[in-house]
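# Report on the structure
Below are the chains, spelled out letter by letter.
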Amino acid sequence: MKPLWHKLTEMIGRTQKVWYVALLILVLVFPGMTTSYWTDVAFFFGLYILLGLSLNIIVGYAGLFNLGHAAFYAVGAYTTAILNTVLGIPVLYLLPISALAAAFFAYLITKPILHLRGDYLAIVTIGFAEIVRISLINNIGGLTGGPNGLLGISRPELFGMRLYTPTHFYYLVWFLVIMVILAMVRLEDSRLGRAWNYVREDELAAEAMGIDATRTKMLAFVVGSALAGVAGNIYAAKMTMIAPESFGFWESVVIFSIVILGGMGSIPGVVVGAFGMVVWPEIFRGFAEARMLIFGAAMVLMMLFRPQGLWPSPRARRAMESQKKSRPSAKAGTA
Amino acid sequence: MEMFFGQIINGITIGSIYALVALGYTMVYGVLRMINFAHGELFTLGAYMAFTMIVSMNLAAYIPNAVVALIVMAVMVAGLVAIVGVLLERIAYKPLRQSGRLAPVISALGASIFLQNAIMLIWGANYKVFPEGVVPSITWEIGGVSITLMRVLILSTSLTLMIALYVLIQRTQVGTAIRACALDHDTARLMGIDVDKIIRLVFIIGPALGGIAGMMVGLYYRQIGFTMGWHYGIKAFTAAILGGIGNIPGAMVGGLILGVAESLGAGYISNAWKDAIAFLILILILILRPTGLLGERVAEKV
């Protein structure tokens with residue numbers, strides 16, 4: 001029996017590799033195949049994958065409901081914009097600095113709120129994000145430019161080449177997407193990644209095993225926000241102007257929905273979710289006005305019929321199955 | 001001093017509207033332990049339905065007395081919004097009652113997006129403006145502070161509704177059943193209470209109050225937009241948290257405190273930071289006193 005089993009897994013492994021290579025080639029040649037409009041759409045697809053992956057650390061891995069993720073994104077974008085326009089530091093040098101700024105901001109604000117229960121954490125993060133947005137509108141410290149935002153962010157330069165076409169930014173963002181996905185795959189199985197899983201499933205048991213739950217949750221916010229800061233930097237570089245309205249509540253909802261629709265804690269899920277949230281509406285531009293209506297209905301239907309997400313992580317799938325087995329009559333009992 | 005009293009009255013007026021909306025959040029939270037994110041949209045719906053009745057259908061023309069006309073319309077708005085509330089519960093929340101904390105939250109967000117866009121598609125994306133004089137512009141001067149009929153109507157309506165609700169919850173059999181469901185569904189069921197029916201009732205009362213609040217905001221500020229529900233929703237939710245979520249008198253007290261704090265802040269600190277005050281209160285209360293002023297504990301140890 002064993003050789004056959006071996007062969008099968010090998011075959012599956014090989015087809016998977018073929019798929020990965022095919023996808024990679026598609027990513028590489030895509031801008032050559034289409035118009036600059038669709039290259040731009042693909043850029044935003046990549047950007048939202050980054051944002052989705054960053055929130056996936058907080059919501060998916062650590063199970064912390066963060067409905068104010070746009071705030072960390074905003075901190076990254078504004079750090080880039082302010083340091084670039086005031087001090088003239090090149091945009092790409094600011095990429096790690098934006099990440100650090102967003103991470104530090106996350107460290108400061110999440111410290112007192114980590115003990116809050118699921119939906120309350122969501123509400124507090126909404127509150128923080130709104131305060132950030134209002135502060136940006138009110139031109140805090142005279143630095144954020146008020147409701148009109150900041151403009152004149154310079155173009156990034158890479159090895160002496162100025163990046164300005166949609167194709168340039170497309171490659172920049174997709175390079176980051178691939179790097180981050182590879183990092184995430186490693187992170188999932190790392191000590192920290194497993195600690196996140198444990199804390200999400202059972203905080204008390206995790207504490208008993210010697211995991212510092214508060215520190216672990218805090219790290220989820222810090223790492224996730226750093227990545228959102230990176231996305232903010234890229235966004236500022238691409239747009240060359242940013243305004244507070246790009247970082248409102250609905251932006252947070254979009255990022256949150258990417259994680260949920262795809263399946264919490266699932267990397268391919270984030271890609272599918274970002275496709276659903278960013279590319280799908282572009283394809284259906286014809287429906288223009290009704291598309292958000294359809295989207296809202298889809299969110300409800302999704303929870304009714306496929307709550308685990310479109311592409312759930314393997315462990316979420318296992319958890320679902322074992323739940324079904326152990327509770328044949330799910331009808332009885334209310335929480 | 002006149003400005004101070006002016007701001008206080010302002011604050012109480014808007015605060016009583018927050019309180020009415022907050023009751024919807026707090027009652028749903030009380031029986032279902034979920035945050036009904038779509039509640040703000042039901043509030044907006046109330047404002048738009050009132051707009052249709054007053055402007056498009058001109059219902060006031062059929063009833064000679066302006067105040068009676070307003071009461072009739074308020075009842076109709078309440079009824080229609082309650083129907084939407086019951087449908088919302090039936091379609092988006094009821095099937096998810098067994099499925100953890102996350103699914104209902106997402107479903108509620110989805111329902112909120114759906115309703116907001118449905119309102120936009122039905123009534124258009126532009127602001128709607130109520131005509132002047134729907135509420136006769138009568139003003140009284142008391143000690144240098146002017147009080148309009150509109151404010152008197154808002155205050156008396158809110159107060160009446162809140163007292164009626166309080167009596168319903170505390171003194172009647174139905175109210176006892178609602179309180180029982182808030183404590184424990186299974187035990188309530190064992191006592192012969194139809195829990196589904198009680199939840200439906202909560203989704204009648206909450207949206208009805210929210211719809212009336214929406215109508216009052218429309219008449220008071222005379223301008224409504226399809227996104228206003230989020231704004232009022234989050235503030236009302238803050239009021240509910242402030243008073244202690246799940247606690248009905250708490251929502252009323254929280255609404256009034258929030259309204260007054262906000263209008264004093266707008267008057268004495270800065271109008272631009274007015275909205276930040278509500279969020280600051282929200283965060284501080286959740287960090288420092290998560291039980292709210294009068295409520296149950298919400299921060300979980302494990």
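Residue positions are given per chain, counting from 1 as you read along its sequence in written order. Written order decides the labels, with chains lettered from A and ligands numbered from 1. A pLDDT threshold of at least 70 governs which residues receive local features in this predicted model, and a stricter bar of 80 or more applies before side-chain atom pairs are shown or counted, although totals over entire chains, interfaces and linings include all residues. Side-chain calculation: all heavy atoms of the structure are included, whereas hydrogens and water are not.

## Examining the overall build of chain A
As a reminder, the rule being used: Numbering of helices and strands runs from the N terminus; a helix is a DSSP stretch of H or I covering at least four residues, while a strand is a stretch of E covering at least two. Throughout this description, buried means an accessible area under 20% of the type-specific maximum (1.4 Å probe, protein chains only), exposed means over 50%, and partly exposed covers the range between. Contact criterion: two residues are considered in contact whenever any of their non-hydrogen atoms come within 4.5 Å of each other. The method behind every accessible area is Shrake-Rupley, applied with a 1.4 Å probe, and residues are considered shielded solely by the protein chains displayed.
Along chain A, the regular secondary structure elements total 13 helices and four strands. For chain A, with 335 residues in total, the buried portion stands at 49%. Long-range contacts, defined here as pairs at least 24 residues apart, represent 76% of the contacts in chain A between residues at least 6 apart. Working note: accessible area of chain A is about 16300 Å², and carbon and sulfur atoms make up 68% of it.

## So, helix 4 (residues 94-110) of chain A
Using the following cut-off: To estimate the expected span of a helix, count its residues, drop one, and scale the result by 1.5 Å.
Between its terminal C-alpha atoms helix 4 of chain A stretches 24 Å, which fits the 24 Å expected from 17 residues at 1.5 Å a residue. Structurally, helix 4 of chain A contributes buried residues whose contacts are with helix 3 (70-87), helix 5 (118-137) and helix 9 (213-239) of chain A.

## Describing the interface of chain A and chain B
Put simply, the test is: Buried area adds together the accessible area that both of two parts lose upon being put together, with accessible area traced by a 1.4 Å probe. Basic side-chain nitrogens of Lys or Arg form a salt bridge, by our definition, when they fall within 4 Å of a carboxyl oxygen of Asp or Glu. In protein, a polar contact requires one atom able to donate a hydrogen and another able to accept it; more generally it is a pair of N or O atoms within 3.5 Å, and residues adjacent in sequence count only if both atoms are side-chain atoms.
The partner chain B presents 48 residues to the 44 residues of chain A that form the contact. A combined buried area of about 4300 Å² lies between chain A and chain B, and 76% of that area is made up of carbon and sulfur atoms. The interface formed by chain A and chain B includes zero salt bridges. Across the contact surface, chain A and chain B share two residue pairs in polar contact (both at pLDDT 80 or more).

## Some points on the confidence of the model for chain A
The predicted coordinates should not be examined in detail at positions where pLDDT is low. Let me state the cut-off plainly: The predictor reports its confidence for every residue as pLDDT, a score running from 0 up to 100.
Looking at chain A as a whole, the pLDDT averages 85, with 89% of positions reaching at least 70. Long-range and interchain partners of residues 327-335 of chain A, a stretch whose pLDDT sits below 50, account for 10 contacts in this model, where long-range means more than four residues apart.

## Looking at the packing of aromatic side chains
Rules: What counts as a ring pair is set by centres within 6.5 Å for rings of Phe, Tyr and Trp (its six-membered ring), and what kind of pair is set by the plane angle: stacked under 30 degrees, edge-to-face over 60, tilted for all other angles. Lysine and arginine charges are scored as sitting over a ring when NZ or CZ, respectively, is within 6 Å of the ring centre and within 35 degrees of the ring normal.
Considering all chains together, one arrives at 27 aromatic pairs over all chains under this definition. For the pair Phe104 of chain A and Tyr107 of chain A, a centre-to-centre distance of 6.5 Å together with 20 degrees between the ring planes defines the contact as stacked. With Phe104 of chain A and Tyr107 of chain A both in helix 4 and three residues apart, the pair spans about one turn of that helix. Of the residues examined, Phe104 of chain A reaches a relative accessible area of 51% and is grouped as exposed. Note on Tyr107 of chain A: relative accessible area 34%, which makes it partly exposed. Consider the rings of Tyr18 of chain B and Tyr232 of chain B, whose centres lie 6.2 Å apart with planes at 55 degrees: the pair is tilted. One end of the pair, Tyr18 of chain B, is in helix 1 (residues 2-32); the other, Tyr232 of chain B, is in helix 9 (residues 228-243), and 214 residues separate them in sequence. Considered together, Tyr18 of chain B and Tyr232 of chain B belong to a single accessibility category, that of buried residues. Over the face of the ring belonging to Phe43 of chain A we find Lys238 of chain A, whose NZ or CZ atom lies 5.0 Å from the ring centre.

## Topic: a nonpolar patch on the surface
Residue and element names in this part refer to chain A. Where we set the bar: Residues with no salt bridge and a relative accessible area higher than 30% make up the patches, which join like charges within 9 Å and nonpolar side chains (Val, Leu, Ile, Met, Phe, Trp, Tyr) within 5 Å.
A cluster of nonpolar side chains, contributed by Tyr20, Val21, Leu23, Leu24, Ile25, Leu26, Leu28, Val29, Met33 and Tyr171, occupies part of the molecular surface with about 950 Å² of accessible area. Looking at which element gives the most residues to the nonpolar patch, the answer is helix 1 (residues 2-33), with nine residues. With respect to the element layout, Leu24 can be found in helix 1.

## Comments concerning the pairing of strand 3 (residues 145-148) of chain B
Residue and element names in this part refer to chain B. The cut-off we apply is this: A pair of strands is labelled paired if DSSP reports no fewer than 2 bridges between them.
Side-chain alternation along strand 3 places Val145 and Ile147 on a buried face and Ser146 and Thr148 on a face that remains uncovered. Two strands pair when backbone bridges link them, and strand 2 (residues 139-142) and strand 3 are joined in this way by four bridges, in the antiparallel orientation. Residue pairing in the sheet places Glu141 in a bridge with Ser146 of strand 3. Two successive antiparallel strands, strand 2 and strand 3, enclose a turn made up of two residues, where Gly143 displays a positive phi of approximately 55 degrees.

## Comments concerning the environment of Gly262 of chain A
Residues and elements named next belong to chain A. Within the fold, Gly262 resides in helix 10 (residues 249-262). Taking the C-alpha atoms as reference, Gly262 lies 9.3 Å from Phe275; in sequence the two are 13 residues apart. When neighbours within four sequence positions are excluded, Gly262 is seen to be in contact with Ser257, Gly269, Gly273, Gly309, Leu310, Trp311 and Pro312.

## So, the side chain of Asn197 of chain A
Position of Asn197 of chain A relative to the elements: it lies in helix 7 (residues 191-201). If we skip the residues at most four places from it in the chain, Asn197 of chain A touches Tyr61 and Arg315 of chain A.

## What about helix 5 of chain A?
Under the 1.5 Å per step criterion, the end-to-end length of helix 5 of chain A is 29 Å for 20 residues, consistent within 8% with the ideal 28 Å. Burial runs high along helix 5 of chain A: 18 of the 20 residues are buried.

## What about the confidence of the model for chain B?
For chain B, mean pLDDT is 88; residues scoring 70 or higher make up 97% of the total. This stretch, residues 297-302 of chain B, has a pLDDT under 50; its non-local contacts, to residues over four places away or in other chains, come to 12 contacts.

## What to know about unusual backbone geometry
Both trends apply: most residues other than glycine have a negative phi, and most peptide bonds are in trans. Backbone geometry at Asn139 of chain A places phi at a positive 55 degrees, although glycine is not the residue there. Here Asn139 of chain A is to be found in the loop between helix 5 and strand 1 (150-151). Exposure remark for Asn139 of chain A: the relative accessible area of 30% places this residue in the partly exposed category. Phi is positive for Arg33 of chain B, close to 55 degrees, though the residue is something other than glycine. For Arg33 of chain B, the position within the fold is in the loop between helix 1 and helix 2 (39-56). For Arg33 of chain B, a relative accessible area of 32% puts it in the partly exposed group.

## Some words on the pattern of salt bridges
Within the structure shown, the criterion is met by 11 salt bridges over all chains. As a salt-bridge pair, Lys238 of chain A and Asp40 of chain A come within 2.4 Å of each other at their nearest N and O atoms. Separated by 198 residues along the polypeptide, Lys238 of chain A in helix 9 and Asp40 of chain A in helix 2 (residues 36-61) bring together distant segments of the chain. We classify Lys238 of chain A as buried; its relative accessible area is 12%. Residue class for Asp40 of chain A comes out partly exposed when judged on its relative accessible area of 24%. The network of salt bridges with shared partners includes Glu89, Lys94, Arg97 and Asp196 of chain B.

## Quick look at the packing of helix 1 of chain B against helix 2 of chain B
Residues and elements named next belong to chain B. Put simply, the test is: Axes here mean lines fitted to C-alpha atoms, for a helix over just the part in contact, with angles spanning 0 to 180 degrees between N-to-C directions. In what follows, roughly perpendicular refers to angles from 65 to 115 degrees, roughly parallel to angles under 35, roughly antiparallel to angles over 145, and oblique to any angle outside these ranges. Each crossing gets its hand from how the near helix is turned against the far one by less than a right angle, where anticlockwise is left-handed and clockwise is right-handed. Residues were grouped as follows: Ala, Val, Leu, Ile, Met, Phe, Trp, Tyr, Cys and Pro as nonpolar; Asp, Glu, Lys and Arg as charged; and all remaining residues, including Gly, as polar.
Remark: helix 1 packs on helix 2, axes separated minimally by 10 Å, with the N-to-C direction vectors making an angle of 130 degrees. By the angle class used here, helix 1 and helix 2 are oblique. Where helix 1 crosses over helix 2, the two elements pack in a sense that is right-handed. Listed contacts from helix 2 to Ile17, Val21, Gly24 and Tyr25 of helix 1 are His39, Gly40 and Phe43. Residue composition of the contact of helix 1 with helix 2, grouped by class: four nonpolar, three polar and no charged.

## As for the environment of Ala118 of chain B
Relative to the helices and strands, Ala118 of chain B resides in helix 4 (residues 102-123). Taking the C-alpha atoms as reference points, Ala118 of chain B and Gly243 of chain B, 125 residues apart in sequence, are found 32 Å from one another.

## Quick word on the packing of helix 2 of chain A against helix 9 of chain A
All names here are of chain A. Helix 9 packs onto helix 2 with a crossing angle of 165 degrees between their chain directions and a minimal axis gap of 6 Å. Considering the angle they form, helix 2 stands roughly antiparallel to helix 9. As helix 2 packs across helix 9, the resulting crossing turns out to be left-handed. Here helix 2 contributes Asp40, Phe43, Phe44, Leu47, Leu50, Leu51, Leu53, Ser54, Ile57 and Ile58 to the contact with helix 9, which in turn contributes Ala220, Phe221, Val223, Gly224, Ser225, Leu227, Ala228, Ala231, Ile234, Tyr235, Lys238 and Met239. Tallied by class, residues from the contact of helix 2 with helix 9 come to 17 nonpolar, three polar and two charged.

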